[in-house]
Amino acid sequence: MAKYILETERCILRPPTLEDLDDWVKKLFADPDVTRYVPNRHLTPREDAERAFNESEIMWTNYGYGGWAIIDKDDGQIFGRCGLTYHEDTGDVELGYGLARTYWGKGIATEVARACVRFGFEVVKLPQITAVVVPENIASWGVLERLGFVFKKEGIYHDQNVVYYAIRRKQFQYGDSFYDARPFAPKT
Ligand SMILES: CC(C)(COP(=O)(O)OP(=O)(O)OC[C@H]1O[C@@H](n2cnc3c(N)ncnc32)[C@H](O)[C@@H]1OP(=O)(O)O)[C@@H](O)C(=O)NCCC(=O)NCCS
């Protein structure tokens, strides 16, 4: 299935390539501030980045959505990741995101998460998108609430107490912020 590249006001979201993994490891998976509230899979930062990359590839191939590397339009640097993941056991499609520490507090997570959700509803025609947050991850709650996600239930995920959020297609406000989605044609 085709991969897509998304563009927001400040960012390009490009399906990840193996060349992105060094940046992901350094800026995300090896930073305890960034991994504090994400599931501990008992992997090294490199293994975890590879797991995320491989999962994204499977998603893009099988479902027509997956992960993106987040790139700063100003300087071309990769500073994060986000995406949509299908869970076979529940049928949920889960939104995820993480930014390098220096990019927090600027509204960028909300900007890129909104683009992922819009793509999921507009292009993939998903009926609903979910998100899973540990209660202590206040910053992530903020992102979801700004997007209009609503509380669903409490539960356990990867041995952690978590809160499930969800948004249905009809509930989502597209807003007027800049957004573009186009098929991704990697350089050969
Ligand atoms: C979760 C995470 C992405 C949230 O990042 P964030 O910077 O708080 O979220 P945003 O980019 O939407 O920025 C919101 C903040 O920027 C401020 N802001 C500045 N300009 C803004 C703008 N144009 N629009 C919206 N918010 C803006 C907001 O007031 C808010 O600040 P506050 O938290 O002091 O209220 C980040 O903490 C992270 O990467 N964590 C590690 C990975 C992780 O936990 N992922 C989620 C797993 S569920």
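Here the structure is shown first, and the text comes after it.
Overview of the structure. (Residues numbered from 1 in each chain as written. Predicted model: local features only at pLDDT ≥ 70, side-chain atom pairs only at ≥ 80, totals over all residues.)

We now examine the packing of helix H1 (residues 21-29) against helix H3 (residues 45-63). Look at H1 against H3: their axes get within 9 Å of each other, and the N-to-C directions meet at 120°. For the element pair H1 / H3, the angle class is oblique. Crossing geometry of H1 relative to H3 is assigned as right-handed. Here Leu21, Trp24, Val25 and Phe29 of H1 come into contact with H3, specifically with Pro45, Arg46, Asp48, Ala49, Glu50 and Phe53. Looking at the contact of H1 with H3 residue by residue, the class counts come to seven nonpolar, no polar and three charged. (Axes fitted to C-alpha atoms, helices over the stretch in contact; angles between N-to-C directions. Helix = DSSP H or I, 4+ residues; strand = E, 2+ residues; numbered from the N terminus. Parallel < 35°, antiparallel > 145°, perpendicular 65-115°, else oblique. Left-handed = near helix turned anticlockwise from the far one by under 90°. Contact = placed C-beta atoms within 7 Å. Nonpolar A, V, L, I, M, F, W, Y, C, P; charged D, E, K, R; others polar.)

With respect to spatial proximity, 19 residues lie near the ligand, and among them Gly98, Gly107, Ala109, Thr110 and Ala139 are the closest. Looking at the shell around the ligand, the elements with two or more residues in it are strand E5 (93-99), helix H4 (108-122) and helix H5 (138-147). Grouping the amino acids of the shell around the ligand by side-chain chemistry returns 11 nonpolar, seven polar and one charged. (Near = placed C-beta within 6 Å.)

So, about unusual backbone geometry. Not every positive phi belongs to a glycine, and Lys125 is a case in point at roughly 65°. Along the chain, Lys125 turns up in the loop between H4 and strand E6 (128-133). Although it is not a glycine, His158 sits at a positive phi angle of roughly 50°. As for its position among the elements, His158 is in the loop between strand E7 (150-157) and strand E8 (160-168).

This part is about the packing of H4 against H5. For the pair H4 and H5, interaxial distance at closest approach is 10 Å and the crossing angle is 50°. Classed by the angle they form, the pair H4 and H5 counts as oblique. Crossing handedness for the pair H4 and H5: right-handed. Packed against H4, whose contacting residues are Ala109, Thr110, Ala113, Arg114 and Val117, the element H5 presents Val143, Arg146 and Leu147 at the interface. For the contact of H4 with H5, the class distribution of residues is five nonpolar, one polar and two charged.

Ile70, Val112, Ala113 and Cys116 are the most contacted members of the largest nonpolar core, which totals 47 residues. In terms of residue count, H4 provides more of this core than any other element does, nine residues in total. Not counting residues up to four positions away in its chain, the partners in contact with Cys116 are Cys82, Gly83, Leu84 and Leu95. (Core = buried A, V, L, I, M, F, W, Y, C linked by C-beta atoms within 7 Å. Buried ≥ 20, exposed ≤ 12 C-beta atoms within 10 Å, placed from the backbone.)

We now examine the pairing of strand E9 (residues 179-183). Burial analysis of E9 places just zero of its five residues in the buried class, a small minority of the element. The pairing of strand E1 (residues 4-8) with E9 spans five bridges and is antiparallel. When the sheet's bridge partners are listed, Leu6 is paired in E9 with Ala181. (Pairing = 2+ DSSP bridges.)

With that settled, consider H1. Of all the residues in H1, the buried ones are Trp24, Lys27, Leu28 and Phe29. Here the buried residues of H1 occupy an arc of 150° about the axis, which is enough to place them on one side. Structurally, H1 contributes buried residues whose contacts are with helix H2 (32-35), H3, strand E4 (78-86) and E5. (Arc of directions from axis to C-beta.)

As a further point, take the environment of Thr110. Along the chain, Thr110 turns up in helix H4. Among the residues examined, Thr110 registers 18 C-beta atoms within 10 Å and is labelled partly exposed. For the pair Thr110 and Ser140, spaced 30 residues apart in sequence, the C-alpha separation works out to 9.2 Å. The contact partners of Thr110, leaving out residues within four places of it in the chain, are Val143, Arg146 and Leu147.

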